[in-house]
Amino acid sequence: MMRLPRFQYFAPRTVADAAALLAEHGPNASVVAGGTDLWPNMKRRQQTPTRVIGLRGVSALRGVHGAPASGFAVGAMTSLSDLENDAAIAAAWPALGRAARLISTPPLRNMGTLGGNLCLDTRCNYWDQTFEWRKSIDFCLKRDGKVCWVAPGSARCWAVSSSDTAPVLSAIGAEVTLASVDGERRIAVRDLFRDDGIEYLNKRSNEILTAIHLPAQDGSWRASYRKLRRRESFDFPVLGVAAAARIVDGVVTEARIVITGAGSRPHDASSAAALLVGKRIDDRDAVVEAAERAARIAKPLDNTDFALGWRKEMARHHVTAALTDLA
Ligand SMILES: Cc1cc2nc3c(=O)[nH]c(=O)nc-3n(C[C@H](O)[C@H](O)[C@H](O)COP(=O)(O)OP(=O)(O)OC[C@H]3O[C@@H](n4cnc5c(N)ncnc54)[C@H](O)[C@@H]3O)c2cc1C
Ligand code: SF4
């Protein structure tokens, strides 16, 4: 049985108290939301904070507020189950509820949160293993080792961004609020991620993600999410494609495609989506051309499930399917 290492647990009631604790204990501290990612990682000694700041008691971080006309603010501690069952979000941004529903299993979605999903650790076949397994290969660049076993000549880690909600939130133009003892700042979800398997977030170590802001929806935006995984019942995405477009009288006026599971951050393939602007959304040739271009932008490495060549091929199919959904 894998056991958690020893750590000190704090249970603040306010964001200010949580931020003060994070500032006081520095890089040895970590916040925990639902714990569905952090606790297993600590058991495998991938992350070993000596201080853990639980956000469960911070009630201000829960719930969905707002309306389609003004946009929504979703508290970072809102569970994935609450998100997938929220009627207002289902009406305004159904792709987000769908992405949440495709994450792992109902018990894990009851515990897992939207904030935790955005801050989820990057994944790799050489990383998501027990301590003893990783020790047997002398670890790797991501922690305690000197070599990246996926790309041995590489100076960087290529572990993969695997959040299902991140591509949808990026494609619809959502933003997040980050809070610390120094104040608050608001950034686009697409700017939250860095192309680095180790330092994968543009979030300072003393910052807490407090809210996710969904844009207003006047009915002209449509969005879609398609996910590839081995077991439909509960696996991480090996590939996830989010597409969003503003459609006026059947014609695309703005479009975005974001691909996850194919790099250390969700890939923005909006240059491919731009090929659709000015075209009818049911223009099959335009959809196929955009999907070809987007699939070339997504360059998966051989460090997750399935054969690399097949995953590349599936990228084209999934982008086509996601764009077809919009029609
Ligand atoms: C079997 C299994 C299958 C899974 N399948 C999927 C899947 O298909 N798709 C998917 O996307 N995920 C999957 N997950 C991962 C995980 O369950 C979800 O991503 C979940 O949303 C994580 O949220 P959490 O609240 O449990 O995060 P936690 O484990 O609490 O935290 C995750 C990380 O985020 C940080 N963090 C959490 N909240 C905040 C915050 N508010 N501010 C700053 N930092 C924060 C923590 O410090 C930690 O580093 C799976 C997990 C398991 C165990
Ligand atoms: S991509 Fe390389 S450095 Fe990163 S976790 Fe995998 S093996 Fe380790």
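Above this text you will find the structure in question.
Worth saying up front: this structure is predicted, and the values here are computed from it rather than measured. (Residues numbered from 1 in each chain as written. Chains lettered and ligands numbered in written order. Predicted model: local features only at pLDDT ≥ 70, side-chain atom pairs only at ≥ 80, totals over all residues. Heavy atoms only, no water.)

**Student:** Hey, could you go over the overall build of the protein chain for me, with residue numbers and the actual values?
**Tutor:** Helices and strands together make up the secondary structure of the protein chain, namely 12 helices and 12 strands. Taking 327 residues into account, the globule formula puts the C-alpha radius of gyration at 20 Å, and the protein chain, at 20 Å, falls close to it. The C-alpha extent of the protein chain, read off along each of the three principal axes, is 60 × 45 × 35 Å. Here the protein chain holds 327 residues, and 52% of them are scored as buried. Within the protein chain, residue pairs in contact and separated by at least 24 positions form 63% of the contacts whose partners lie at least 6 positions apart. For the protein chain, the accessible area works out to roughly 14,600 Å², and carbon and sulfur atoms hold 51% of it. On the protein chain, the mean spot of the 43 positive side-chain charges and the mean spot of the 35 negative ones are 4 Å from each other. (Helix = DSSP H or I, 4+ residues; strand = E, 2+ residues; numbered from the N terminus. Rg over C-alpha atoms; globule rule 2.2 N^0.38 Å. Buried < 20%, exposed > 50% of the residue type's maximum accessible area, 1.4 Å probe, protein only. Contact = heavy atoms within 4.5 Å. Areas by Shrake-Rupley, 256 points an atom, 1.4 Å probe, with all protein chains shown as cover. Lys, Arg positive; Asp, Glu negative; His and termini not counted. Charge placed at Lys NZ, Arg CZ, Asp CG, Glu CD.)

**Student:** So, the sheet that holds strand β10 (residues 239–248): which residues are in play, and what are the values?
**Tutor:** Spatially, 4 strands are ordered β9-β10-β11-β12 in an open sheet, and the strand pairing comes out antiparallel. Edge positions in the sheet fall to β9 (221–228) and β12 (267–268), since each has one partner strand and no second. (Pairing = 2+ DSSP bridges.)

**Student:** Hey, could you go over the site of ligand 1 for me, with residue numbers and the actual values?
**Tutor:** As a structural note, the neighbourhood of ligand 1 is formed by 33 residues, with V31, A33, T36, T113 and D164 the closest of them. Taking S30, its side chain carries an N or O atom lying 3.2 Å from an oxygen atom of ligand 1. A distance of 2.8 Å separates an oxygen atom of ligand 1 from a polar atom in the backbone of G34. Within the complex, 92% of the 970 Å² of free accessible area of ligand 1 lies under protein. For the shell around ligand 1, the secondary-structure elements that each account for two or more residues are β2 (29–32), α7 (114–118) and β8 (208–214). Ranked by residues supplied to the shell around ligand 1, first place goes to β2 with 3 residues. Residue classes in the shell around ligand 1 are distributed as 16 nonpolar, 12 polar and 5 charged. (Near = heavy atom within 4 Å. Polar contact = N/O pair within 3.5 Å; in protein donor to acceptor, adjacent residues only side chain to side chain. Nonpolar A, V, L, I, M, F, W, Y, C, P; charged D, E, K, R; others polar.)

**Student:** I'd love a proper account of the sheet that holds strand β3 (residues 51–54), names of residues and values included.
**Tutor:** Sheets are built from strands that pair by backbone hydrogen bonding, the pairs being arranged parallel or antiparallel. Ordered by their spatial adjacency, 3 strands build an open sheet running β1-β3-β2, and the pairing between neighbours is parallel. The sheet terminates laterally at β1 (8–10) and β2, the two strands that pair on one side only. Across this sheet, the average inter-strand angle for adjacent strands is 25°, counted without regard to direction. One ladder, built from 4 bridges, connects β2 with β3; its direction is parallel. Across the sheet, V32 pairs through a bridge with G54, a residue of β3. (Axes fitted to C-alpha atoms, helices over the stretch in contact; angles between N-to-C directions.)

**Student:** If you had to explain the pattern of salt bridges to someone new, which residues and values would you point to?
**Tutor:** With the rule as written, the count across this model stands at 20 salt bridges. E207 is paired through a salt bridge with R185; the nearest N and O atoms lie 2.7 Å apart. You can see E207 sitting in the loop between β7 (183–188) and β8 and its partner R185 sitting in strand β7, a full 22 residues away along the chain. The exposure class assigned to R185 is partly exposed, which follows from its relative accessible area of 24%. When the shortest N-O distance is used, the salt bridge between R229 and E232 registers 3.8 Å. For E232, a relative accessible area of 55% corresponds to the exposed category. Through salt bridges with shared partners, a single network forms among D218, R246, E254 and R256. (Salt bridge = Lys/Arg side-chain N within 4 Å of Asp/Glu carboxyl O.)

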